[in-house]
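Chain by chain, the residues run as shown.
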Amino acid sequence: MPSYSRKLRIALVICSLFMPAAGVADDGVSFTLTDGRTVAPLDSFRECDQCPGMIVIPPGSFMMGAIEGESRNPRDVHRENATGRVRGPDEINIIPFEHPRHPVEMDIPFAMGRNEVTHREWMTCVADGGCSHVPDHSVAAPNKNTRLGPNHPVINVSYLDALEYADWLNSKLGNDVYRLPTEAEWEYAARAGTETRFAQGDDLTADQANFSRHVTERLRGVKMPLLVNRRIPVPVDDLDAANAWGLRHMSGNVYEWTQSCWSAEHLGLSTASAYLAIGDSQNPCNRVSKGGSFNAAMDNLRPASRHGPFETRRRDNLGFRLMREFRGAVGD
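For the packing of helix H2 (residues 119–127) against helix H3 (residues 159–173), give the residues involved together with the corresponding values.
Their axes nearest at 10 Å, the elements H2 and H3 cross at an angle of 70 degrees. One element, H2, and the other, H3, form an angle in the roughly perpendicular class. Judged by residue contacts, Glu121, Trp122, Thr124 and Cys125 of H2 engage Asp161, Ala162, Tyr165 and Trp168 from H3. Residues belonging to the contact of H2 with H3 are distributed by class as follows: 5 nonpolar, 1 polar and 2 charged.

Spelled out as structure tokens, the structure:
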């Protein structure tokens, strides 16, 4: 497969020049796939007929978590914890479970799914006997149940269902390399070298992301008539939804499962491998979901935003994408 577009490579250079805190490295490494092909950062590939399209994520580091004042939800920025205590005027203005903001070194090289896993991809796993759950592929939109198409993201799948899909892909390759990302890996990939509220800037348009106009209006207390209110997910190749690294719908469409267990605050770990180790050690738990959805406010689409459904939960606004771990770099 050819490398990803030149436009995205230029965007990466711009990010590295103007946003050095993101710590994107350019060390000339490449990685070997199971079929012997080599890929480098920002290359796209599909490793098998059933495998989702992937993009190699550049190595580096980033600041994980929210910046003070980032949330525009007047309820969240003043809520200290589940007890409902309101923070005082001198306390930090960050949603508690989105801080402390801290640096994370991405010490596990990986590729991320270009898109959310689709219903077609999921049903291929079902037909092959790798996935046991046949999900309801409809959304309870206002006044009717709307059936979705094969290229929409798969929905109504739990964290445990997603693990079955990853196991099935790994069995096809004979290599245990596909898994759900940790929330650190997910957020790093979603930010794509940026430190703004969203990868596309401080606000999103309805052409860039699928979210709820009505919920956003209620949250902000202002009318937003230029925004579309779709009320259902869109196919994964709809909208101008890619970030600078080519990953689509990291903000909006459906929430995405991660491997990480929920915590009342960020754990403050310094490496991606530390986040992976602690996620592997905890079972069962509420799992962090990221990215927001078609029925969420724009604010919930921020890369820093976190939610924590229990790992058996199935919802019509909850899906996933996989990452592919690399275990050995080839230097140029």
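So what about the sheet that holds strand S11 (residues 255–261)? Which residues, and what values?
As a general point, the strands of a sheet are linked pairwise by backbone hydrogen bonds and lie either parallel or antiparallel. As summarised here, the arrangement of the 3 strands in space is S12-S11-S13, forming an open sheet in which the pairing is mixed. Two strands close off the open sheet at either side, each with one partner strand: strand S12 (287–290) and strand S13 (318–319). As paired elements, S11 and S12 share 3 bridges and run antiparallel to each other. Bridging across to S12, Cys261 finds its partner in Arg287.

Tell me what's going on with the pattern of salt bridges, and back it up with residues and numbers.
Any two side chains of opposite charge can pair, so long as their charged atoms come close to each other. Going through the model one piece at a time under the given rule, you end up with 20 salt bridges. Among the salt bridges present, the one from Arg324 reaches Glu47, with a minimum N-O distance of 2.7 Å. One end of the pair, Arg324, is in strand S14 (residues 323–325); the other, Glu47, is in the loop between strand S3 (44–45) and strand S4 (54–56), and 277 residues separate them in sequence. For the residue pair Arg324 and Glu47, the accessibility class agrees, reading buried in each case. Residue Arg197 is joined to Asp299 by a salt bridge in which the shortest nitrogen-to-oxygen separation is 2.7 Å.

Would you mind going over the state of the cysteines in detail, with residue names and values included?
For the structure on display, the rule yields 3 disulfides. With its sulfur 2.1 Å from that of its partner, Cys48 forms a disulfide with Cys51. The disulfide joining Cys48 to Cys51 has a torsion of about 95 degrees about its S-S bond and is therefore right-handed. Per residue, the accessibility class of Cys48 equals that of Cys51, and both read buried. Numbered in order of appearance, the disulfide-bonded cysteines of the protein chain are paired 1-2, 3-4, 5-6.

How would you summarise helix H5 (residues 213–220) if you had to cite specific residues and measurements?
If you check which residues of H5 are buried, you get Thr216, Glu217 and Leu219. The buried residues of H5 all sit within an arc of 165 degrees when viewed along its axis, so they share a single face. The N-cap residue of H5 is Ser212: its side-chain oxygen and the backbone nitrogen of His214 are 3.4 Å apart. Positive backbone phi, at 75 degrees, marks Gly221, one or two positions downstream of H5.

What counts and how
Residues numbered from 1 in each chain as written. Predicted model: local features only at pLDDT ≥ 70, side-chain atom pairs only at ≥ 80, totals over all residues. Heavy atoms only, no water. Axes fitted to C-alpha atoms, helices over the stretch in contact; angles between N-to-C directions. Helix = DSSP H or I, 4+ residues; strand = E, 2+ residues; numbered from the N terminus. Parallel < 35°, antiparallel > 145°, perpendicular 65-115°, else oblique. Contact = heavy atoms within 4.5 Å. Nonpolar A, V, L, I, M, F, W, Y, C, P; charged D, E, K, R; others polar. Pairing = 2+ DSSP bridges. Salt bridge = Lys/Arg side-chain N within 4 Å of Asp/Glu carboxyl O. Buried < 20%, exposed > 50% of the residue type's maximum accessible area, 1.4 Å probe, protein only. Disulfide = S-S within 2.5 Å. Arc of directions from axis to C-beta. Polar contact = N/O pair within 3.5 Å; in protein donor to acceptor, adjacent residues only side chain to side chain.

Spatial relationships are all this shows, so hold off on functional conclusions.
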